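An overview of the molecular structure
What follows is the residue order along each chain.
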Amino acid sequence: GEMSKHLSNQSQSSGTLNIRNFLPAIDDMECIRAETLMSEFLVEHNLPYAVADHVTRQTRLKSMFPDSKIASKFACGQTKTSCIVRTLAENDRRSIVEALRSGPFSLATDGSQDYSDTKLYPIVVRYFDDIQGQLVCTILDMPSLKESSTGEKIFQLIDSVLTAKEI
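Read on for an overview of the structure.

Turning next to the overall build of the protein chain. Each helix and strand in the protein chain was counted, giving seven helices and five strands. Buried positions account for 28% of the 167 residues belonging to the protein chain. If you take every contact in the protein chain between residues at least 6 apart in sequence, the share linking residues at least 24 apart comes to 51%. Element-wise, carbon and sulfur atoms account for 55% of the exposed surface of the protein chain, whose accessible area totals about 11200 Å².

Right, here's the structure in full:
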């Protein structure tokens, strides 16, 4: 029933699914575009992926646009949405790392103020993106430090992130 489907979706969303599992025939690029735009919309507005199930399963689009070929093929529930979002995020990550490898950038970090044994140190980078033609400011990574937050330990943490990304 619904519980077994939920458990199946949980195991699938652990990173083992690839977006290629969901791609229809190449002539359905308009449908892929619509599903990608819907996924971006959910992320942009911080909406739960369950909204995608509602749009797809309740045939909202098919009811709203009965004469649309794209709406009739649209099938983008939360499992597919999560795969699309992971793929888009990985593409963004790759382009950010490539920009940092090839040009100047600045970075900043500040430790979180929680009082647990672990502090988060988001690494924020700022660089000029040639494709967008503008300065970009974004989070590169969010490593954590379990040891004391000395200047040396914070440097080693940042250095390990940059080294792992070959920046």
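Next comes the rest of the description.
Time to look at the pattern of salt bridges. Tallying each qualifying case throughout the model produces eight salt bridges. The residue Glu-35 makes a salt bridge to Lys-80 at a minimum N-O spacing of 2.6 Å. Here Glu-35 is found in helix H2 (residues 29-44), whereas its partner Lys-80 is found in helix H6 (residues 78-102), with 45 residues between them in sequence. Lys-80 matches Glu-35 in its accessibility class, with the two residues each being buried. The shortest N-O distance in the salt bridge between Glu-147 and Lys-153 comes to 3.2 Å. Overall, Glu-147 belongs to the partly exposed group, its relative accessible area being 47%. Each member of the salt-bridge network shares a partner with another, and the members are Glu-90, Arg-93 and Arg-94.

Take helix H3 (residues 50-57) next. Those residues of H3 that fall on the buried side of the exposure criterion are Ala-52, Asp-53, Val-55 and Thr-56. All buried residues of H3 lie within an arc of 165 degrees about the axis, which places them on one face of the element. Contacts made by the buried residues of H3 are with H2, helix H4 (60-64) and H6.

Attention now moves to the nonpolar core. Counting residues in hydrophobic clusters, the biggest one holds 15 residues, and the most contacted among them are Ile-96, Leu-100, Ile-123, Val-125, Tyr-127 and Leu-140. Those elements that place two or more of their residues in this core are H6, strand S3 (123-129), strand S4 (134-141) and helix H7 (151-164). Looking at this core element by element, the count peaks at five residues for H7. Excluding anything up to four places from it in sequence, Leu-140 contacts Ile-96, Val-97, Leu-100, Ile-123, Val-125, Val-161, Leu-162, Lys-165 and Ile-167. In this structure, Met-38, Ala-52, Ala-71 and Ile-84 belong to the second largest nonpolar core, which totals nine residues.

Quick look at the pairing of S4 now. The sheet contact formed by S3 and S4 spans seven bridges and is antiparallel. Opposite Arg-126, over in S4, you have Cys-137 as the bridge partner. Hairpin connection of S3 to S4: four residues between the antiparallel strands, including Gly-133 at a positive phi of 70 degrees.

Despite not being glycine, Asn-46 shows a phi value in the positive range, around 55 degrees. Relative to the assigned elements, Asn-46 resides in the loop between H2 and H3. Positive phi values are uncommon outside glycine, yet Glu-166 reaches one of about 55 degrees. By the secondary structure assignment, Glu-166 is in the segment after H7. The exposure class assigned to Glu-166 is exposed, which follows from its relative accessible area of 63%.

This next bit is on the sheet that holds S4. Within the open sheet, the three strands sit side by side as S1-S3-S4. Their pairing is antiparallel. Only two strands of the sheet have a single partner each, and these edge strands are strand S1 (105-109) and S4. In this sheet, neighbouring strand axes are inclined to one another by 25 degrees on average, regardless of whether the strands run parallel or antiparallel. Here S1 pairs with S3 via five bridges, running antiparallel. Paired with Leu-107 across the strands is Val-125, a residue of S3. Across the sheet, H6 is in contact with S1, S3 and S4; its angle to S3 comes to roughly 75 degrees. Packed on one face of the sheet, H7 meets S1, S3 and S4 and runs near 135 degrees to S1.

The rules we used
- Residues numbered from 1 in each chain as written.
- Predicted model: local features only at pLDDT ≥ 70, side-chain atom pairs only at ≥ 80, totals over all residues.
- Heavy atoms only, no water.
- Helix = DSSP H or I, 4+ residues; strand = E, 2+ residues; numbered from the N terminus.
- Buried < 20%, exposed > 50% of the residue type's maximum accessible area, 1.4 Å probe, protein only.
- Contact = heavy atoms within 4.5 Å.
- Areas by Shrake-Rupley, 256 points an atom, 1.4 Å probe, with all protein chains shown as cover.
- Salt bridge = Lys/Arg side-chain N within 4 Å of Asp/Glu carboxyl O.
- Arc of directions from axis to C-beta.
- Core = buried A, V, L, I, M, F, W, Y, C linked by side-chain atoms within 4.5 Å.
- Pairing = 2+ DSSP bridges.
- Axes fitted to C-alpha atoms, helices over the stretch in contact; angles between N-to-C directions.

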